[in-house]
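# A structural walkthrough
Single-letter residue listing:
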Amino acid sequence: MGESWQSGRRVFGGIVLILLFLCPTLARAEEDRAPLEQLQAFLDRLKSIDADFTQVVSDPANGKKTEYKGRFTALRPNLFRWDYQTPYVQLIVSDGEWIWHYEPELQQATRVSVKQMEKTPAGFLIASRRVEETFDWKAVTDPEWKTPTVTLRPRQADSNFQEIAVTLDPDGEHIRNMVVVDNLGNRSRFTFHDMRASRSLDRQSFRFAPPTGVDVVTE
């Protein structure tokens, strides 16, 4: 009986030691989730977005950088509009049924089904599914902004981008910075200005009808 008691005592002691080592790990895991939960809370509150943006695209092959400017509006779920003004005019808009890419200079409009939304970088902002349902993620402290950045990697193999890194402001009320890496390795850094969230937006502004004479390509 003495040996049995001693044996049970050793087992119990081993369990206590395991728990002591596990507890900091479990606490750390909960702590690591905080940036993701902040991002999810931001998305849950979000009804619409209205902001000016600057997009700087870096091509790793030649080191070239191109700057674009325009306006981004979105209305959840599934409606968004990127109005590019410089260096040339183009429009990317989702009307809830189709995602259109219109280039006036080329007199061409390309459309894909809105079912492809989750394969696009804007999808996580306006889709109704939770972030963890479609993305793997990790969180690090952004060296420039000194706030957590959440990097999202799509689980779908046929997505048209590799990852999105999102940095919110310290209060978690606005997107401060967003970096998208496409499948060619190009990096697009979006900076949003004067972002206004959850304003009342006209749904008609997300409608698009190709002008007469424009070639329409369906993919």
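Residues numbered from 1 in each chain as written. Predicted model: local features only at pLDDT ≥ 70, side-chain atom pairs only at ≥ 80, totals over all residues. Heavy atoms only, no water.

Before going further, it helps to spend a moment on the overall build of the protein. Assigned secondary structure in the protein consists of 4 helices and 12 strands. Expressed as a percentage of the 219 residues in the protein, the buried residues total 38%. Contacts in the protein between residues far apart in sequence, at least 24 positions, make up 47% of those at least 6 positions apart. Only carbon and sulfur atoms are counted for the fraction: they give 53% of the accessible area of the protein, which is about 12,900 Å². (Helix = DSSP H or I, 4+ residues; strand = E, 2+ residues; numbered from the N terminus. Buried < 20%, exposed > 50% of the residue type's maximum accessible area, 1.4 Å probe, protein only. Contact = heavy atoms within 4.5 Å. Areas by Shrake-Rupley, 256 points an atom, 1.4 Å probe, with all protein chains shown as cover.)

Residues L39, F72, F80, W82, F124, I175 and F192 are the most contacted members of the largest nonpolar core, which totals 37 residues. In this view, I175 contacts F42, L125, V166, T167, L168, F192 and M195; residues no more than four positions away in its chain are not counted. Membership of the second largest hydrophobic core comes to 10 residues, among which are L75, L91, F206 and F208. (Core = buried A, V, L, I, M, F, W, Y, C linked by side-chain atoms within 4.5 Å.)

All right, on to the sheet that holds strand β3 (residues 79-86) then. Pairing is mixed across the open sheet formed by 12 strands, whose spatial order is β7-β8-β9-β10-β11-β1-β2-β3-β4-β5-β6-β12. Across the chains shown, the open sheet's two edge strands, defined by having one partner strand only, are β7 (135-141) and β12 (215-218). In this sheet, adjacent strand axes meet at a mean angle of 20° when their direction is disregarded. Pairing between strand β10 (residues 175-182) and strand β11 (residues 187-197): 5 bridges, direction antiparallel. Its bridge partner being in β11, V181 is matched across the sheet by R187. Across the sheet, helix α2 (residues 34-45) lies against β7, β8 (148-154), β9 (161-168) and β10, angled at about 80° from β8, the strand it touches most. (Pairing = 2+ DSSP bridges. Axes fitted to C-alpha atoms, helices over the stretch in contact; angles between N-to-C directions.)

With that settled, consider the pattern of salt bridges. The tally for this structure, following the rule as stated, stands at 12 salt bridges. Where R130 meets D44, a salt bridge forms, and the shortest distance between an N and an O atom there is 3.9 Å. Separated by 86 residues along the polypeptide, R130 in the loop between α3 (123-126) and α4 (131-134) and D44 in helix α2 bring together distant segments of the chain. Overall, the relative accessible area of 36% leaves R130 in the partly exposed class. Judged by relative accessible area, which is 46%, D44 ranks as partly exposed. Taken together, the shared-partner salt bridges connect D50, D52, R71 and R196 into one network. (Salt bridge = Lys/Arg side-chain N within 4 Å of Asp/Glu carboxyl O.)

Next up on the list: α2. A rise of 1.5 Å per residue sets the reference length of α2, with its 12 residues, at 16 Å; its end C-alpha atoms lie 16 Å apart and thus fit the reference within 8%. Burial in α2 covers these residues: P35, L36, L39, Q40, F42 and L43. Projected down its long axis, α2 shows its buried positions confined to an angular sector of 155°, all on one face. (Expected span 1.5 Å × (residues − 1). Arc of directions from axis to C-beta.)

This part covers the pairing of β11. Two strands pair when backbone bridges link them, and strand β1 (residues 48-59) and β11 are joined in this way by 9 bridges, in the antiparallel orientation. Paired with I49 across the bridge in β11 is A197. Following β10, the chain reverses through 4 residues before pairing antiparallel with β11; G185 in that reversal takes a positive phi of roughly 90°.

It is worth spelling out the pairing of strand β5 (residues 98-103) at this point. In this sheet, β5 lies alongside strand β4 (residues 90-95) in antiparallel orientation, the contact comprising 4 bridges. Paired with V93 across the bridge in β5 is W100. Between β4 and the antiparallel strand that follows it, β5, lie 2 residues; G96 among them carries a positive phi value of about 95°.

As a further point, take the confidence of the model for the protein. Averaged over all residues, the pLDDT of the protein is 83; the fraction at 70 or higher stands at 86%. By mean pLDDT, helix α1 (residues 2-32) is the weakest element of the protein at 43, and β5 is the strongest at 96. Counting interchain partners and residues more than four positions distant, the pLDDT-below-50 stretch residues 4-29 has 0 contacts. (pLDDT = per-residue confidence, 0-100.)

Tracing the sequence through the fold places F161 in strand β9. Given the relative accessible area of 2%, F161 is considered buried. As a C-alpha pair, F161 and V180 span 19 residues in sequence and 7.2 Å in three-dimensional space. Beyond its immediate stretch of four places on either side in the chain, F161 contacts E118, K119, T120, P121, F135, P154, V180, V181, D182 and N183.

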